[in-house]
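Remarks on the overall topology
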Amino acid sequence: MRSSDYFEFFSQAKIMSGNRAMSNIPVELDGFDARKPLVVTSKEVTKAGLGKKFIRALYDSNVVIGAIFDEVPHYAGISQVRDLVRLFRDRGCDSLIAIGGGAAADVAKCVNVMVSADTDDILQFVGDNMIAGHLKPFIYVATSGSAGYEASNRATIEGRVIRSDFLFPDVICIDRSMVPAKNGDAVLEGAMVAFAQAVEAADMPNDNPVVDAYAHAAIQFICENLRKGIRSPGNKVSGMALANAAAMGAIAFSNSPEGTVHLISRSLARVTGLSESLCMVVLLPYSLELKLSKKEPFRGDLLLAMAGIEAFATTPEKERPRAALALIRQLLAEGKHYPRTLKDVRVAKYRLDEAAKAAAEEGDGRVDLKDCMNILEHAWEGTSILK
Amino acid sequence: MNINNYPEIRPKSKVIKKIYVWVMLFVFGRAFQAASRVDPAAKKEFAAMPADFCFDMCVLPNGPHMIIGKDGKGRIKYMGWNPMGKKITLWMKIKNLDAAILMFTFQESSCVATARDRLIVDGDIPAACGILRLMNLLETLLLPKLVTKLGVKRYPRWSQLPPARKWASRILTYIRIVA
């Protein structure tokens, strides 16, 4: 294991994972001296019957659910957050629970920031470390539709990112009954976002053994369970493994600077209106190819996490990054209907330039405009960067 | 947004599960008392407990409870299900009713439940370990081998619990539970 002169790691989240994990929520809330949570979720979750499962898990407890708001759309909007703040205050709630991924978790985090700071202006917190103190207890209940950032230290509201260590959920609850997915593509997207987060976190130049531990565990879980998860999305064992991987990937990602794939995906999503997760899945192999082509190969021990000790030991050291890349391509090929290129999702080629410029600007020297353009053009065509 | 569309929800109660756990705790409470009189291993284990020993096994947040303790003469006694007015020296709190069901339907052994953090122990740890050993012994005495194997970490060998002692303790414990 590579050692480091200095590293930092922070995660305040307690992970409760397994059979009947949700039944422990009342005890956890009691530990925070909270009794009345506001539950934020989406229509997909309630339609799938997960809302009822959640309520049933709270039977025989002293918890009173302030309200279940299940109308969060696919993006987090300011007006909705304001409405929820009003609901939170009117009902006298003291904590928040988000069920399901993506916008529901973002909305819950933003509501938490506003009610804790007692303000009506969420935009003052946009940026890094703008939140001054501890927030109200926040529990995230994982479902299959993960966007990758629920368990992280960031929230996105109307395209703006709030990043603070206070935004980590206090409890991440991964219950067996909540993780089965509807279709294989949803499984692939959620898993590959976590995979991209873990790979980028593990490949950062500052060696952080704790980040490596989280990232490698996430990669291993994904590689061992993704195929089964795609073929039978209702499988609870693979669903649990992938949900755990998503949580670990997000925590590893929160403790390392954003990599190339994240920066480009965010700007591309903003420019085109596509989901950031989809952009990440498409761009990840091209970003790794670029590293290989520039002879700055990414870490070979990625292969160890992906394929196990035997494959790692029998592959010559110089060939390990290429072997890992080939495995990533194989994993992506599992999603038979999932788009492989930006052309497949009808991104206009002239918009790539705008996205590359925005990413280079946001990267603040970490990524080069030429590299961004190179990745985006190859991802659009679907051609390999390697000669 | 009309906030009346999102009403407050008070979760209900799982009545059947609660009754099942209550019955199991009642039987176990009576069995603790009975085994302390008839089984030599249980006698020895209880003899090591302090004179003011009073143990409450309960399901959070509102019960049911099982209270056993030593009376004035140092004998183990089942003290019912109401902890009010009793000086409890050892609490073993099962975090929720679902966890209690997993334990008392033997889907999870007491050791696995402890390892999975389904219990909170408040009090003397050696006494709590003694109680877990006694619970394993009671399961061995009260239940058929097939079921007991699910609930205990290791089923006792003949050398640890000879059949003559097992059957004698089993019959006497059952008689004392019912009587």
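Scroll up to find the structure this text is about.
Residues numbered from 1 in each chain as written. Chains lettered and ligands numbered in written order. Predicted model: local features only at pLDDT ≥ 70, side-chain atom pairs only at ≥ 80, totals over all residues. Heavy atoms only, no water.

1. Remarks on the overall build of chain A
Note the threshold: Counting from the N terminus, the helices are the DSSP runs of H or I reaching at least four residues and the strands are the DSSP runs of E reaching at least two. Our radius of gyration is a C-alpha quantity, and the globule rule it is checked against amounts to 2.2 Å times the number of residues to the power 0.38. Note on classification: 1.4 Å probe, protein chains only; a residue is buried when its accessible area is under 20% of the maximum for its type, exposed when over 50%, partly exposed between these limits. Two residues form a contact once any of their heavy atoms are found within 4.5 Å. Accessible surface is estimated by sampling points in the Shrake-Rupley manner with a 1.4 Å probe; for residues, cover comes only from the protein chains shown. Note on charges: Lys and Arg go in the positive column, Asp and Glu in the negative column, and His and the chain ends are not counted at all. The location of each charge is read from NZ of Lys, CZ of Arg, CG of Asp or CD of Glu.
Helix and strand counts for chain A stand at 15 helices and nine strands. In summary, chain A has a C-alpha radius of gyration of 20 Å against a globular reference of 21 Å for 387 residues, a match within 12%. Its C-alpha atoms put chain A at 60 × 45 × 40 Å along the principal axes. A buried classification covers 59% of the 387 residues belonging to chain A. Considering only intrachain contacts with a sequence separation of at least 6, the fraction spanning at least 24 residues in chain A is 78%. Carbon and sulfur atoms make up 49% of the accessible area of chain A, which amounts to about 15800 Å² in all. For chain A, the distance from the average position of its 45 positive side-chain charges to the average position of its 48 negative side-chain charges is 6 Å.

2. Digging into the nonpolar core
Residue and element names in this part refer to chain A. For clarity, the cut-off: Among buried residues, those of type Ala, Val, Leu, Ile, Met, Phe, Trp, Tyr and Cys that are joined through side-chain atoms within 4.5 Å constitute a nonpolar core.
Among the nonpolar cores identified, the biggest contains 71 residues, and Phe195, Leu226 and Leu342 are the most heavily contacted of them. At 12 residues, the largest contribution of residues to this core is made by helix H6 (residues 184-202). Sequence-distant contacts of Leu226, defined by excluding residues within four places in its chain, comprise Val187, Leu188, Ala191, Met192, Leu242 and Leu331. Listed in part, the 48 residues of the second largest apolar core include Leu87, Ala105, Ala155 and Ala243.

3. Thoughts on empty space enclosed by the protein
The gaps left among the atoms become clear once a water-sized probe is rolled over them. Residues and elements named next belong to chain A. Applicable threshold: Here a cavity is any set of points on a 1 Å grid over the protein atoms alone where a 1.4 Å probe fits but cannot get out, and a pocket is any open set with protein on both sides within 12 Å along at least 5 of 7 lines; a residue lines the site when it has an atom within 4 Å of a point. Grid points are joined across faces, edges and corners, and a volume is the space filled by probe spheres set on the points. An automatic or database domain assignment supplies the residue ranges for each domain.
The full count for this structure, using the stated rule, is five cavities of 30 Å³ or more. Taken together, 22 residues make up the lining of the largest cavity; nearest its centre are Thr143, Ser144, Gly239, Leu242 and Ala243. Counting residues per element, the ones that place at least two in the lining of the largest cavity are H6 and helix H8 (236-254). When residues of the lining of the largest cavity are assigned to domains, at least three map to each of domain 1 (14-178) and domain 2 (184-381).

4. Focus: the side chain of Thr341 of chain A
Residue and element names in this part refer to chain A. Filter applied, for reference: N or O atoms closer than or at 3.5 Å make up a polar contact, with two conditions inside protein: a donor-capable atom paired with an acceptor-capable one, and, for residues adjacent in sequence, both atoms drawn from side chains.
By the element assignment, Thr341 lies in the loop between helix H13 (320-333) and helix H14 (350-363). At 3.1 Å, the side chain of Thr341 and the backbone nitrogen of Asp344 are in polar contact. Contacts of Thr341, omitting those with residues within four sequence positions, involve Val282, Tyr286, Ala379, Trp380, Glu381 and Gly382.

5. Digging into the interface of chain B and chain A
Operational definition: Take the accessible area each of two parts loses on contact, using a 1.4 Å probe, and add the two losses: that sum is the buried area. Put simply, a salt bridge is a Lys or Arg side-chain nitrogen that is within 4 Å of an Asp or Glu carboxyl oxygen. Charged means Asp, Glu, Lys or Arg here, nonpolar means Ala, Val, Leu, Ile, Met, Phe, Trp, Tyr, Cys or Pro, and polar covers whatever is left, Gly included.
Contacts between the two partners involve 24 residues from chain B and, on the opposite side, 29 residues from chain A. Carbon and sulfur atoms supply 51% of the area buried between chain B and chain A, which totals about 2500 Å² over both sides. Seen at the junction of chain B and chain A, the total is three salt bridges. At the boundary of chain B and chain A, one finds 14 residue pairs in polar contact (both at pLDDT 80 or more). Put simply, the parts of the chain that give the side of chain B that touches chain A at least two residues each are helix H1 (15-38) and helix H3 (97-104) of chain B. At three residues, the largest contribution of residues to the side of chain B that touches chain A is made by H3 of chain B. Classifying every residue of the side of chain B that touches chain A by side-chain character gives 11 nonpolar, four polar and nine charged.

6. Topic: the packing of helix H9 (residues 260-272) of chain A against helix H15 (residues 369-381) of chain A
All names here are of chain A. Note the threshold: Inter-axis angles, ranging from 0 to 180 degrees, are taken between N-to-C directions of lines fitted to C-alpha atoms, where helices are fitted over the stretch in contact. For classification purposes, angles smaller than 35 degrees are called roughly parallel, those larger than 145 roughly antiparallel, those between 65 and 115 roughly perpendicular, and all remaining angles oblique. In this scheme the handedness of a crossing depends on how the near helix is turned from the far one: anticlockwise by less than a right angle means left-handed, clockwise means right-handed.
Relative orientation of the contacting elements H9 and H15 amounts to 70°, with a least axis distance of 11 Å. With respect to their mutual orientation, H9 and H15 come out roughly perpendicular. When the axes of H9 and H15 are compared, the crossing they make is right-handed. Of the residues in H15, those in contact with Thr260, Ile264 and Leu268 of H9 are Cys372, Ile375 and Leu376. For the contact of H9 with H15, the per-class residue count stands at five nonpolar, one polar and no charged.

7. Remarks on the sheet that holds strand E5 (residues 127-128) of chain A
All names here are of chain A. For the record, the criterion: Pairing between strands requires that DSSP locate at least two bridges from one strand to the other.
The strand order E5-E8-E7 describes an open sheet built from three strands, whose pairing is mixed. The open sheet terminates on both sides in strands that have one partner only, identified here as E5 and strand E7 (154-157). One ladder, built from four bridges, connects E7 with strand E8 (residues 160-163); its direction is antiparallel. By the bridge assignment, Arg154 is partnered in E8 with Arg163.

8. Things to note about the environment of Lys18 of chain B
Among the secondary structure elements, Lys18 of chain B is positioned in helix H1. With relative accessibility at 25%, the residue Lys18 of chain B sits in the partly exposed group.

9. As for the packing of aromatic side chains
Definition in use: Stacked, edge-to-face and tilted are the three classes for Phe, Tyr and Trp ring pairs, Trp counted by its six-membered ring, which pair at centre distances within 6.5 Å; planes under 30 degrees apart are stacked, over 60 edge-to-face, the rest tilted.
Taken as a whole and assessed by the stated rule, the structure comprises 10 aromatic pairs over all chains. Seen in terms of ring centroids, Tyr149 of chain A and Phe253 of chain A are 5.5 Å apart; in terms of plane orientation they differ by 65°. Their pairing is edge-to-face. Placement of the pair is Tyr149 of chain A in the loop between strand E6 (138-141) and E7 and Phe253 of chain A in helix H8, with a sequence separation of 104 residues. The residues Tyr149 of chain A and Phe253 of chain A share a single accessibility class, namely buried. Aromatic pair Trp22 of chain B and Trp81 of chain B: ring centres 5.1 Å apart, planes at 65°, arrangement edge-to-face. Placement of Trp22 of chain B in helix H1 and of Trp81 of chain B in the loop between strand E3 (76-78) and strand E4 (90-94) is noted, with a sequence separation of 59 residues between them. Overall, Trp81 of chain B belongs to the partly exposed group, its relative accessible area being 45%. An aromatic cluster is built from Trp22, Phe26, Tyr78 and Trp81 of chain B, whose rings are joined through pairwise contacts.

10. Focus on unusual backbone geometry
Of note, the amide linkage connecting Leu60 of chain B to Pro61 of chain B takes the cis form, showing an omega dihedral of 0°. Inspection of the secondary structure puts Pro61 of chain B in the loop between strand E1 (54-59) and strand E2 (65-70). Notably, Asn129 of chain A is not glycine yet its phi reads approximately 50°, a positive angle. Among the secondary structure elements, Asn129 of chain A is positioned in the loop between E5 and E6. Taking relative accessible area as the criterion, Asn129 of chain A reaches 59% and is therefore assigned exposed. Although it is not a glycine, Asp117 of chain B sits at a positive phi angle of roughly 65°. On the secondary structure map, Asp117 of chain B appears in the loop between helix H4 (110-115) and strand E5 (119-123).

11. A closer look at the sheet that holds strand E3 (residues 67-69) of chain A
Strands pair in a sheet through their backbones, by hydrogen bonds, and they do so in one of two ways: parallel or antiparallel. Residues and elements named next belong to chain A. Pairing is parallel in the open sheet, where six strands are placed in the order E1-E9-E6-E4-E2-E3. Bordering the open sheet on either side are strand E1 (14-18) and E3, each of which pairs with just one other strand. Averaged over all neighbouring strand pairs, the angle between strand axes comes to 15°, with direction disregarded. Inspection of the sheet shows strand E2 (residues 37-40) paired to E3 by three bridges, in the parallel sense. Looking at the pairing, Val39 lines up with Ile68 of E3. Lying on the sheet, helix H5 (residues 103-117) is in contact with E2, strand E4 (95-99) and E6; it crosses E4 at an angle near 170°.

Honestly, that's just the spatial picture; any functional story needs more than this.
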